[in-house]
Amino acid sequence: MSEPLAPIKTMSPGLIVGRVWTLAASTFTQLVRMRSFYFILLFALLIAAASNLNLLFSPEQKLRVIKNTSLGAMSMFAWLFAIVATAMLIPRDLEDRTLYTILAKPVSRFEYLLGKLCGVLLTIALALGAMLILFSVVLWFRETGIIAEQRQVLESSGRFSEQEVASELAIIARQGVGWNLLLATWAIFLKSAVLVAMTILISTFASSSLFTIIVGATFFLIGHFHKLAFQSLSADMDESTLITVLGKIIGLVIPDFRTFNVVDMVAVGVPIAPGVMTSMSVLALFYIVVYSLVSLFVFFDKEF
Amino acid sequence: MRFKIWRKTVLALLLVALFGLVRVPFEDRLQSRMETDGLLPIPLGVGMIDQMGQSAFLATLGGTRALVAIYMSLLAYDSWEQQEWGGVENSFDVIFKLQPQDIQAWILGAWHLHTNASINMMERPDWKEWKLPSETTREEVRDRYIDKGIDILRNAVRNNPESGKLYQEFAWTLWKKGMDPCAAAEAYKKAIEHPGSLALVVRFYGYTLAECPGREREAYDYLLDIYLDDKARALRTVPSVIIAVKDLEKKLDVPFLLRIPDLEPNEALRRSLEQNSIDSGLPWLP
């Protein structure tokens, strides 16, 4: 008499992590094959152009232009990628019928969604990391060159005391490589992570990638100004109850992306307190967890 | 089936809204802290769409203000090359709103108007083609540009009250372009009180006081203190301080025995210093 088969253990934490990692790695490969990293070449060209731009700029402005261009391009890449790449993932898996193969295996739908989320986040993190290293190197070279050049100019003029020279050079150095750049990149990543979670949630409802992209981009735009727009509308319409209620509902449903917009201020040299960064990270984590759970709720018994 | 989808959608939205109830107070607290720290960019008015274009305005919403500011700098540079001062003014106006903390942008924008535009007004051959009221003179338009440059710096110090460098620039512009040494003295006083300005502002405060009617005695005491302090510390006093003290001694009719012992500085040197200052457009730096 044959012994009954032992049940397959599929719920152990190690196996779950392993399956999520496999899915994340395959999503990463899938996105790399879409030639998404070509953007980095474009980014390198952009930095080269920015570092050679001379529009009557003072030495610190020359550094700031590199910083502004790089952080701006990183920000733009991150949000564009977060919407477009994420929107294409589930429909593509459906089109290729990969989704059926994956879900036929002992992989839960939660693991599938989490794997997709981690894959996109991994791609964005690596791309942002590569861009940060690239532009920090360029910025450091420019900073060193500009400071040496300025030191010579200031000292040879004989008009400035040692203290004045040091203070002028410190102003320039403040625009160079520093920890603030890492924090700014982290803020860009957090914002795009929230956007990825939101786009996955939209794509669980959506019937096409195009719909997800349009709705995702619209929510992203609205998420930047809904609070201010409703404040101003409410003031214009004598604190209308309808407008106030509508504003509050939209505020509850759509994320407020303004909270993650610190890049612009970092670019001009405003320091970020560690407490702000921690709160921002906690908030982003909340968004990701809640949106992922709601995505699972929609995706759990979705029929394909 | 359709009902099931709708039910799910509504339930999902409700869940997100429930999360919003927890999230919004936390977010509000964080944003007010960020506002205090100067980390949240000042929102742009809808009126800015005309000045910067619709797409640039939309780009600023996506956290790319800095990138749009560079684009506006390129436009400003192009306008400067074409001597289109209206374009320069408009582009810088947008840059100031996008990045009010960019001190160098304020200085550059103001310089384009109070120096480049105002000088250009006196030199342009196409003066008569301009659509201006017939009674307007070149000098009036030049003065308008100087005033605009001064106004830019006035706004700059209002937006960045901690910047000694901006007060220094504002003071110099009031003094040399606006011909208002009394206001310049007040700005130099602020520059001394704030970090980031050069040490020369300490002397320049005295020079502007000396030119401010009614404050000559105060200027004399102040500059004499600098002179005596240098002597006490065996430092070489810069010639311009000696020139200013000697001028004030004559003006205030200080008794001969109380006058400083230094010789009258060479008049030629004085003229050359002043000429240098005019030629280079830089403050008088002996």
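In this text, all values refer to a predicted model and were calculated from it rather than measured experimentally. Numbers given for residues are sequential positions, taken from 1 along each chain in its written order. Each chain gets a letter, beginning with A, and each ligand a number, beginning with 1, in the order they are written. Only residues with pLDDT of 70 or above have their local features reported here, since the model is predicted, and side-chain atom pairs are shown and tallied only from 80 upward, although totals for entire chains, interfaces and linings are computed over all residues. Each side-chain value is derived from all of the structure's non-hydrogen atoms; neither hydrogens nor water enter the calculation.

For the rest of this paragraph, the subject is the overall build of chain B. When helices and strands are counted, chain B shows 13 helices and zero strands. For helices the rule is a DSSP run of H or I covering at least 4 residues; for strands it is a run of E covering at least 2, with both sets numbered from the N terminus onward. In sequence order, the secondary structure elements of chain B are arranged as α-α-α-α-α-α-α-α-α-α-α-α-α. Residue burial is assigned from relative accessible area. The probe radius is 1.4 Å, only protein chains are included, and a residue is buried under 20% of its type maximum, exposed over 50%, and partly exposed in between. Counting only residues that meet the buried cut, chain B has 48% of its 286 residues in that class. Two residues form a contact once any of their heavy atoms are found within 4.5 Å. Long-range contacts, defined as pairs at least 24 residues apart, comprise 51% of the intrachain contacts of chain B with a sequence gap of at least 6.

What pLDDT expresses is the predictor's confidence in each residue, scored from 0 to 100. Averaged over every residue, the pLDDT of chain B is 84; the share at 70 or more is 85%. Note on the complex model: pTM 0.81, ipTM 0.83.

For the rest of this paragraph, the subject is the packing of helix α6 (residues 103-123) of chain B against helix α7 (residues 138-159) of chain B. All names here are of chain B. Following both chains from N to C, one finds α6 and α7 inclined at 175°, their axes separated by 8 Å at the closest point. Relative to α7, α6 is oriented roughly antiparallel. Here the contact of α6 with α7 is composed, by residue class, of 13 nonpolar, six polar and five charged. The axes used here are C-alpha line fits, helices contributing only the stretch in contact, and every angle between their N-to-C directions lies in the interval 0 to 180 degrees. Put simply, angles under 35 degrees are roughly parallel, angles over 145 are roughly antiparallel, angles from 65 to 115 are roughly perpendicular, and the rest are oblique. All residues other than Ala, Val, Leu, Ile, Met, Phe, Trp, Tyr, Cys, Pro, Asp, Glu, Lys and Arg, Gly among them, are scored as polar; the first ten of these are nonpolar and the last four charged.

All names here are of chain B. Any two cysteine sulfur atoms lying within 2.5 Å of each other are counted as a disulfide. Under the definition given, this model contains one disulfide over all chains. Two residues share a disulfide in this structure: Cys-182 and Cys-212, whose sulfurs sit 2.1 Å from each other. Because the sign of the S-S torsion sets the handedness, a value of about 100° for the bond joining Cys-182 and Cys-212 places this disulfide among the right-handed ones. Here the residue Cys-182 occupies a position in helix α9 (residues 181-193), and Cys-212 occupies one in the loop between α10 (201-211) and α11 (216-232), the gap between them amounting to 30 residues. On the basis of relative accessible area, Cys-182 is assigned to the partly exposed category, the value being 26%. For Cys-212, a relative accessible area of 3% gives the class buried.

All names here are of chain B. Counted as salt bridges are all cases of a side-chain nitrogen of Lys or Arg within 4 Å of a carboxyl oxygen of Asp or Glu. The tally for this structure, following the rule as stated, stands at 16 salt bridges over all chains. The closest approach of N and O atoms between Glu-27 and Arg-23, which form a salt bridge, is 2.9 Å. Of the two residues, Glu-27 and Arg-23 are both situated in helix α1 (residues 2-36); the distance of four residues between them amounts to about one turn of the helix. Neither Glu-27 nor Arg-23 differs from the other in exposure class; each is buried.

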